[in-house]
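Reading the structure
Chain residues, written in single-letter form:
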Amino acid sequence: MDQVEAVFREERGRLLAALARRFGDLDLAEEVTSEAIEAALVRWPVDGVPPNPGGWLMTTARRKAVDRLRRDQVYAAKLAVLQVDMDRAAPQATGGELPDERLQLFFTCAHPALAAEDRGALTLRCLAGLTTPEVARAFLVPTATMAKRIVRAKQKIRDARIPFRVPDPHELPERLPGVLQVVYSVFTEGYAASSGPYLQRLDLAEEAIRLARILHRLLPAEREVTGLLALMLLVHARRDARTGPDGSLVLLEDQDRDRWDHELIAEGRGLVVTALTGGAGPYAVQAAIAALHDEAADFAKTDWAQIVELYDVLLELDPSPVVALNRAAAIAMRDGAEAGLALLDELADEPRLRDYHPFALARADLLHRLGRLPEATAAYESALRLAGSEPERAHARDRLASMEQT
Amino acid sequence: MKYMLLINAGELDTENAPVGCEPEDWMRFDKEITDSGVVVASESLADLVTATRVQVANDGKRTVTDGPFAETREVLGGFYVIDVPDLDVALDWAAKCPGSRAGGSVLVRPVAEF
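In this text the structure is predicted, and so the values were computed from the model without any measurement.

Residues and elements named next belong to chain A. According to the stated counting rule, one finds 33 salt bridges over all chains in the structure shown. For Arg152, the salt bridge is made with Glu117, and the minimal N-O distance between the two is 3.3 Å. Of the two residues, Arg152 sits in helix 9 (residues 143–159) while Glu117 sits in helix 7 (residues 116–126), which places them 35 residues apart along the sequence. Of the residues examined, Arg152 reaches a relative accessible area of 41% and is grouped as partly exposed. Taking relative accessible area as the criterion, Glu117 reaches 42% and is therefore assigned partly exposed. Each of Asp25, Asp27, Glu30, Arg125, Lys154, Arg158 and Asp159 takes part in one network of salt bridges that share partners.

We now examine helix 1 (residues 23–35) of chain B. All names here are of chain B. Over its 13 residues, helix 1 extends 18 Å from the first C-alpha to the last, a length consistent with the 18 Å expected when each residue adds 1.5 Å. Here helix 1 has its buried residues at Asp25, Phe29 and Ile33. Taken down its axis, helix 1 places every buried residue within 55 degrees of arc, on the same side. What points out from helix 1, more than 90 degrees from its buried face, is the exposed set Pro23, Met27, Arg28, Lys31 and Asp35. On its buried face, helix 1 is in contact with strand 2 (39–44), strand 5 (75–83) and helix 2 (87–96). At the exit of helix 1 stands Gly37, carrying a positive phi of roughly 85 degrees.

All names here are of chain A. Viewed as axis vectors pointing N to C, helix 19 (residues 357–369) and helix 20 (residues 373–386) meet at an angle of 160 degrees, and their least axial separation amounts to 8 Å. Relative to helix 20, the element helix 19 is oriented roughly antiparallel. Considering only the axes of helix 19 and helix 20, their crossing is left-handed. Here helix 19 contributes His357, Ala360, Leu361, Arg363, Ala364, Asp365, Leu367 and His368 to the contact with helix 20, which in turn contributes Leu373, Glu375, Ala376, Ala379, Tyr380, Ser382, Ala383 and Leu386. For the contact of helix 19 with helix 20, the residue count by class is 10 nonpolar, three polar and three charged.

Residue and element names in this part refer to chain A. Considered domain by domain, chain A is made up of domain 1 (4–87), domain 2 (110–161), domain 3 (174–319) and domain 4 (338–406). The C-alpha centroid of domain 4 is placed 24 Å from the C-alpha centroid of domain 3. Area buried by domain 3 at its contact with domain 4 is led by Leu199, Leu249 and Leu251, which between them contribute 51% of it. Across the domain 3-domain 4 interface, the total number found is zero salt bridges. The interface formed by domain 3 and domain 4 holds one residue pair in polar contact (both at pLDDT 80 or more) in total. Each residue belonging to the side of domain 3 that touches domain 4 can be placed in one class, and the counts come to seven nonpolar, four polar and no charged.

Once that is clear, we can look at the packing of aromatic side chains. When we look at a pair of aromatic rings, we describe it by the centre distance and by the angle of the planes. Applying the stated criterion to the full structure yields six aromatic pairs over all chains. Each ring, one from Tyr184 of chain A and one from Tyr283 of chain A, has its centre 5.5 Å from the other, and the planes form 75 degrees; the classification is edge-to-face. Pair noted here: Tyr184 of chain A is in helix 10 (residues 172–191) and Tyr283 of chain A is in helix 14 (residues 282–295), with a separation of 99 residues, a long-range link. Here Tyr184 of chain A and Tyr283 of chain A have matching classes, each one buried. For the pair Phe29 of chain B and Tyr80 of chain B, a centre-to-centre distance of 5.5 Å together with 90 degrees between the ring planes defines the contact as edge-to-face. Of the two residues, Phe29 of chain B is situated in helix 1 and Tyr80 of chain B in strand 5; the sequence distance between them amounts to 51 residues. Judged by its relative accessible area of 3%, Phe29 of chain B falls in the buried class. The buried category is assigned to Tyr80 of chain B, whose relative accessible area is 6%.

Residues and elements named next belong to chain A. Taken as a whole, this structure holds one cavity of 30 Å³ or more when the rule is applied. In this structure, the largest cavity encloses a volume near 40 Å³. Lining the largest cavity we find Phe187, Gly190, Tyr191, Gln200, Leu202, Ala205, Val235, His236, Arg239 and Arg242. Of all the secondary structure elements, the ones that give two or more residues to the lining of the largest cavity are helix 10, helix 11 (202–218) and helix 12 (223–236). Looking at the lining of the largest cavity, the element that brings in the most residues is helix 10, giving three residues. When its residues are assigned to classes, the lining of the largest cavity shows five nonpolar, three polar and two charged.

Parameters at a glance
- Residues numbered from 1 in each chain as written.
- Chains lettered and ligands numbered in written order.
- Predicted model: local features only at pLDDT ≥ 70, side-chain atom pairs only at ≥ 80, totals over all residues.
- Heavy atoms only, no water.
- Salt bridge = Lys/Arg side-chain N within 4 Å of Asp/Glu carboxyl O.
- Helix = DSSP H or I, 4+ residues; strand = E, 2+ residues; numbered from the N terminus.
- Buried < 20%, exposed > 50% of the residue type's maximum accessible area, 1.4 Å probe, protein only.
- Expected span 1.5 Å × (residues − 1).
- Arc of directions from axis to C-beta.
- Contact = heavy atoms within 4.5 Å.
- Axes fitted to C-alpha atoms, helices over the stretch in contact; angles between N-to-C directions.
- Parallel < 35°, antiparallel > 145°, perpendicular 65-115°, else oblique.
- Left-handed = near helix turned anticlockwise from the far one by under 90°.
- Nonpolar A, V, L, I, M, F, W, Y, C, P; charged D, E, K, R; others polar.
- Domains from an automatic or database assignment.
- Buried area = accessible area lost by both parts, 1.4 Å probe.
- Polar contact = N/O pair within 3.5 Å; in protein donor to acceptor, adjacent residues only side chain to side chain.
- Phe/Tyr/Trp six-rings, centres within 6.5 Å; stacked < 30°, edge-to-face > 60°.
- 1 Å grid on protein atoms, 1.4 Å probe; cavity = no way out; pocket = protein on both sides within 12 Å on 5 of 7 lines; lining within 4 Å.
- Points joined across faces, edges and corners; volume = space filled by probe spheres on them.

Here you go:
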C-alpha cells in the first residue's frame, strides 16, 4: 500500500494544482483531492486500476467538488469564478496523465502578496505533499501554529483572489526568484538545521531537490532553475561525509571525499554547464563554486583562485554581506589568513552578520591560524553562543577546548 | 472582483523633485486607467489640513477635533476602486500608479462582498 501511496504523492500535486486552478480555492481542492485518492485506494484494489487513472481521479474529484458546492451555496457564492468554471469543459487528460498545472501552483504558493514565512509552508504542503504536522516539523513550530498559518495563507489566496497562473514571460524575472527562494530556503534548513540535535535534516534537503526537479521539468529553459538544482545536488552530494559516526560536524577540509555521492556530482556538473551558458545568474555561479569544491582531489588542491573569481562575479550579481563573507573565506585560502581577516573585519558592522554563526566561526578560525589566541577564544565564544544545532555547538566547544590546551 | 487602491503620499522631499509623480504623470495614469474601463470610483482628497475628525463616545457625546494628526507617516491622498479579474491585475495597476513612487505607496485591499 505504501507503494500505491508513493505513486499518489506525485499524482496528488498534479490533481491539486488542476483543481485549485479550476475552482480558485485551495481548501476545496485539497479536500476533494484527498477524497478522490481515498476512493481510489478503496476501489482500485477491488475493481482494478482504470485504464486512465489520472482521468479517473480528476473526474471523481471534480464530481465531489461540484456536489460539495451544490450543498453549500454560501461557500459556492464566495468562489465567484466558479459558475464559469463549472460550465467549462473538464481538462482533457491525455494518455492517462493529468495536465500538469503545478507550475501555476508554485507561483501561487510563492506569491509575494503572501507572508514570506507562509510561502515555504504552502509549497511543502501543496507541492511536496507534506501533511500539516510534517510541515510544522519542517519549520520547527507547533502543529497548531502551522495549521493557523496555512489557513491564513489559503484564506488570503481565496479572498484577495491571488490567481493560479504562470506569470507572463516579461514578469518572470521578477517572479521566478521568489519561487526559487522558497525551494532554496527549504534546502538550506535541511543543509544546516537552525536548531535541534542534528546538523542536517536530510529529508528536507531531499524534498527541496524533489521540488527543484519538478520545476526543472516544467521550466527546462530557465537557467536559474537549472542552476538551483545543480547547486543543491552538488552540495547534497557531500551529505554523508559532513557528519561523523556520532553526528558531529566534519569540516570540508576534513571530509572523506570517497564518501561523496559521485553520481550526484556528475549530474550536478552536467547541469552547471547548461546553467552557465549564455549569462549566469546567482544560483548558477554558486553551483559553479560548489562544483569546484567537488572536483578537487583534496582540500589543498582546491582551485581557490577560480573560486575567488566566481565570488567576485557573485558579489556583483548579489551584493550581500553573506556573499562577501564567503568571498573573504576564499581569499583567506588563496592569499593567506591575514588578507581574509582584513576583509572580515571590514564586514564586522554589517547588521546581518553580527549574529551570524558562520561569520563568528570564520573569524575565529582565521584568528586562530594567525596565533592571535585571546581574540580567537573570544570569537569562538561568540560562535558557540550563535550556533544553531547541537553539532555546531559541539564543534565550537571543541575548538575552545583545543585553544585551552595550547 | 473589486479592489480599492489606497494611495498614500510619500514624505515630501522638497530638495529632490519626486520622480514619476508630476501632475502630468497623474493625468496620464488617470486617463489610462479610466480608458481601460476598470474604474468603479475614484477621488483624490483635499489637503490634510482640511480634515476634521469625529468620534462618538458610548454616552453619545460627540467629539470633533481638527486633523491632521501628529506623527502620521502615511497620509491617504486618494483612492481608486477598480473591478479586475484578480489580485495580480490590481497589483499591476497599483505599480503603474504614480502614488507608488517617490516614497509613496499604494495599499491594495479587496472590497468585501456580502
